[in-house]
Amino acid sequence: MKVLLEAHLPTTLTTKGQVTIPKAVRDFLGLKAGSKVTFNRTKDGRVEIVPEDKTAPVSRFGALRGHARTELSTDEIMALTRGDG
């Protein structure tokens, strides 16, 4: 079981209404880039962040796993791994 030891983790709201979720919180919730979260208001007026899905998002490399064809050239494979393809 993961334990979040830090109790006070301030962050700053940008002009676009965005905040960076502190790393300790991201780690605690299992959040990665691309993870979706839901904000719920509790009965006592607090707001909680709840991960929508505990599964890690698929990386661009993971998305390609099992999809390479033998007729791809080296340049085509490199373009796929860079996200150009």
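> Please clarify how the overall build of the protein should be interpreted in this entry.
When its secondary structure is counted, the protein shows 3 helices and 2 strands. Sequence-ordered secondary structure for the protein, helices as α and strands as β, is α-β-β-α-α. Restricting to contacts in the protein with at least 6 residues of sequence separation, those with at least 24 account for 16%. Of the accessible surface of the protein, which amounts to about 7600 Å², a share of 55% is contributed by carbon and sulfur atoms.

> Can you walk me through the pairing of strand S2 (residues 47-51) in this structure?
Both faces of the sheet carry side chains from a regular strand, because those side chains alternate between them. Where strand S1 (residues 37-41) lies against S2, 5 bridges are found, and the strand directions are antiparallel. Bridging across to S2, Val 37 finds its partner in Pro 51.

> Would you explain the environment of Ile 21 in this entry?
Within the fold, Ile 21 resides in the segment before helix H1 (23-29). Residues Ile 21 and Leu 9, 12 residues apart in the sequence, show an inter-C-alpha distance of 9.0 Å. Apart from residues lying up to four places away in sequence, Ile 21 is in contact with Arg 26 and Leu 31.

> Just checking my understanding: could you explain the confidence of the model for the protein for this structure?
Note that predicted coordinates carrying low pLDDT should not be read in detail. Per-residue pLDDT for the protein averages 79, and the proportion of residues at 70 or more is 69%. Element-level mean pLDDT values for the protein span from 63 in helix H2 (residues 60-64) up to 92 in S1.

> I'm lost on the environment of Leu 13 in this one. Help?
Mapped onto the fold, Leu 13 is located in the segment before H1. The class of Leu 13 is exposed, set by a relative accessible area of 56%. Apart from residues no more than four positions distant in its own chain, Leu 13 is found in contact with Gln 18 and Val 19.

Reading guide: rules and limits
Residues numbered from 1 in each chain as written. Predicted model: local features only at pLDDT ≥ 70, side-chain atom pairs only at ≥ 80, totals over all residues. Heavy atoms only, no water. Helix = DSSP H or I, 4+ residues; strand = E, 2+ residues; numbered from the N terminus. Contact = heavy atoms within 4.5 Å. Areas by Shrake-Rupley, 256 points an atom, 1.4 Å probe, with all protein chains shown as cover. Pairing = 2+ DSSP bridges. pLDDT = per-residue confidence, 0-100. Buried < 20%, exposed > 50% of the residue type's maximum accessible area, 1.4 Å probe, protein only.

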